[in-house]
Amino acid sequence: MTTPPSSRGARQQRHQLIVDHVLARGDATVAELVELTGVSLMTVHRDIAELADRGILRKYHGGVSAQPSMVFESSSDFRLHAHTDEKRALARAALPFVAPGMSVMLDDSTSALALARLLPEVGPLTVVTNYRQITEELRGAEGIRLICVGGEYSRTHDSWIGLPAMDMIGGISVDLSVLSTSAMTAGMTFHQEQEIVSIKRATRQAGATSVLLMDHSKVGRRALHRLEGVDSFDHVLLTGPVDEELVREMRELTDVRVIEAE
């Protein structure tokens, strides 16, 4: 039986509420989550089981705890439902950088996916990506010439990575590269996985112009691996609320154009 869209949307919102609560505290009891969500004990148990199956939370007797940050921050499934309004705002702010006839490379971020959904408005375009979600979004779009980057398929990221992907990206030159990552300070960007750092570096370097999309939850944070300096990008698009001192420092440290999306 297919879940009605309204029920599916409510479940996704509830899952996001549960995940945010557990990540903020490290763990939570089932009773806490029942009170938090206002749904039945049975529904919470189903939610926990689904989140555990997706590798986002770890289930134990009587409650759940957060998986290591690498798991939930890398999970495409988790990222698809996180900060969706901010990603749509970033996409709208990035769209003016795209003009008909351009070639555009999009990374496997859900922020880039939000932009991909707007690209048929601009076509004709050539779009290059290693993200399956973007290929699904654009494969039927008229006016979009779609080039898919191949390689080793990662179920966690729902994208193609590894040496074959690196080799293919390294042989492509585009007008515009658009990407996101998991964390940034005023002067440096970061990602928690070394292999993804390599892919994102190659994606940024493939573009004559590069745009970095960052929702407010990623700003003022660090992750395990340094990606590239903020000044490696031509434009950085942010959503608020972002610390004004950090934005001021970013503008002072770099020549990058910092845009705060509405």
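For every chain, the first residue of its written sequence is number 1, and the numbers climb from 1 along that sequence. Totals for whole chains, interfaces and linings use every residue, but because this is a predicted model, local features are given only for residues with pLDDT of at least 70 and side-chain atom pairs only at 80 or more, for both listing and counting. The side-chain figures draw on all heavy atoms in the structure; neither hydrogens nor water molecules are used.

A. Representation of the pattern of salt bridges within the structure. Salt bridges are defined as contacts in which a side-chain nitrogen from Lys or Arg sits within 4 Å of a carboxyl oxygen from Asp or Glu. Under the definition given, this model contains ten salt bridges. In this structure, R88 engages D85 in a salt bridge whose closest nitrogen and oxygen atoms are separated by 2.3 Å. Taken as a pair, R88 and D85 lie in helix α6 (residues 84-94) at a separation of three residues, close to a single helical turn. Three or more residues joined by partner-sharing salt bridges are found here, namely D107, D108 and K200. A run of H or I in DSSP counts as a helix once it spans at least four residues, and a run of E counts as a strand once it spans at least two, with each numbered from the N terminus.

B. Looking closely at the packing of aromatic side chains. Put simply, two rings from Phe, Tyr or Trp (the six-membered ring, in Trp's case) pair if the centres are within 6.5 Å, and we call them stacked under 30 degrees between planes, edge-to-face over 60, tilted for the rest. Applying the stated criterion across every chain, the model contains one aromatic pair. Ring centres 5.4 Å apart and planes at 55° place the aromatic pair Y153 and W160 in the tilted group.

C. Geometry of the nonpolar core. In this text, buried Ala, Val, Leu, Ile, Met, Phe, Trp, Tyr and Cys residues form a nonpolar core when linked through side-chain atoms within 4.5 Å. Note on classification: 1.4 Å probe, protein chains only; a residue is buried when its accessible area is under 20% of the maximum for its type, exposed when over 50%, partly exposed between these limits. Of all hydrophobic cores here, the largest spans 31 residues; its most connected members are L106 and L119. Listing elements by their share of this core, those giving two or more residues are α6, β4 (103-106), α7 (110-116), β5 (125-129), α8 (132-138), β9 (174-179), β12 (207-214) and β15 (257-261). The dominant element in this core, judged by the number of residues it contributes, is α7, at five residues. Here, residues are in contact when the closest pair of their heavy atoms is within 4.5 Å. Residues in contact with L106, not counting those within four places in the same chain, are A112, L115, A116, L119, V127, V128, T129, N130, I134 and V178. Counting residues in each nonpolar core, the second largest holds 16 residues, with M184, L212, F233 and V236 among its members.

D. Inspection of the side chain of S180 at higher detail. Tracing the chain through its elements places S180 in the loop between β9 and β10 (183-184). Between N or O atoms, a polar contact is any pair within 3.5 Å; within protein, one atom must be a potential hydrogen donor and the other a potential acceptor, and residues adjacent in sequence are included only when both atoms are from side chains. At 2.8 Å, the side chain of S180 forms a polar contact with the side chain of K218. When neighbours within four sequence positions are excluded, S180 is seen to be in contact with D107, S109, S111, K200, L212, L213, M214 and K218.

E. Looking closely at the sheet that holds strand β6 (residues 144-148). Strands were regarded as paired on the criterion that DSSP finds at least two bridges between them. Here seven strands make up an open sheet; going across it, the order is β6-β5-β4-β9-β12-β14-β15 and the pairing parallel. Edge positions in the sheet fall to β6 and β15, since each has one partner strand and no second. With strand direction ignored, the average angle separating the axes of adjacent strands in the sheet is 20°. Strand direction decides the pairing type here: β4 and β5, joined by four bridges, are parallel. Looking at β5, one finds that S103 is bridged to T126. Contacts between α6 and the sheet are confined to β12, β14 (235-239) and β15, with β14 contributing the most and set at about 145° to the helix. With respect to the sheet, helix α11 (residues 244-253) is in contact with β14 and β15, its orientation differing from that of β15 by roughly 155°. Inter-axis angles, ranging from 0 to 180 degrees, are taken between N-to-C directions of lines fitted to C-alpha atoms, where helices are fitted over the stretch in contact.

F. Structural detail: unusual backbone geometry. For the peptide bond that leads from G123 to P124, omega is 10°, which places it in the cis range. Looking at the secondary structure, you find P124 in the loop between α7 and β5. In this structure, the amide linkage connecting G240 to the following residue, P241, adopts the cis form with an omega of 0°. Mapped onto the secondary structure, P241 falls in the loop between β14 and α11. If you check the backbone angles, D158 has positive phi at about 55° while not being a glycine. By the secondary structure assignment, D158 is in the loop between β7 (152-154) and β8 (159-161). Judged by relative accessible area, which is 6%, D158 ranks as buried.

G. Spotlight on the packing of helix α9 (residues 163-170) against helix α10 (residues 194-206). It is the contact of α9 with α10, at a shortest axis distance of 9 Å, that shows an interaxial angle of 10°. Judged on the interaxial angle alone, α10 and α9 are roughly parallel. Along the contact surface, α9 presents A165, M166 and I169, while α10 presents S198, I199, A202, T203 and A206. Amino acid classes used here: Ala, Val, Leu, Ile, Met, Phe, Trp, Tyr, Cys and Pro are nonpolar; Asp, Glu, Lys and Arg are charged; the rest, including Gly, are polar. Across the contact of α9 with α10, the residue classes break down as six nonpolar, two polar and no charged. An angle counts as roughly parallel when it lies under 35 degrees, as roughly antiparallel when it exceeds 145, as roughly perpendicular when it falls between 65 and 115, and as oblique in every other case.

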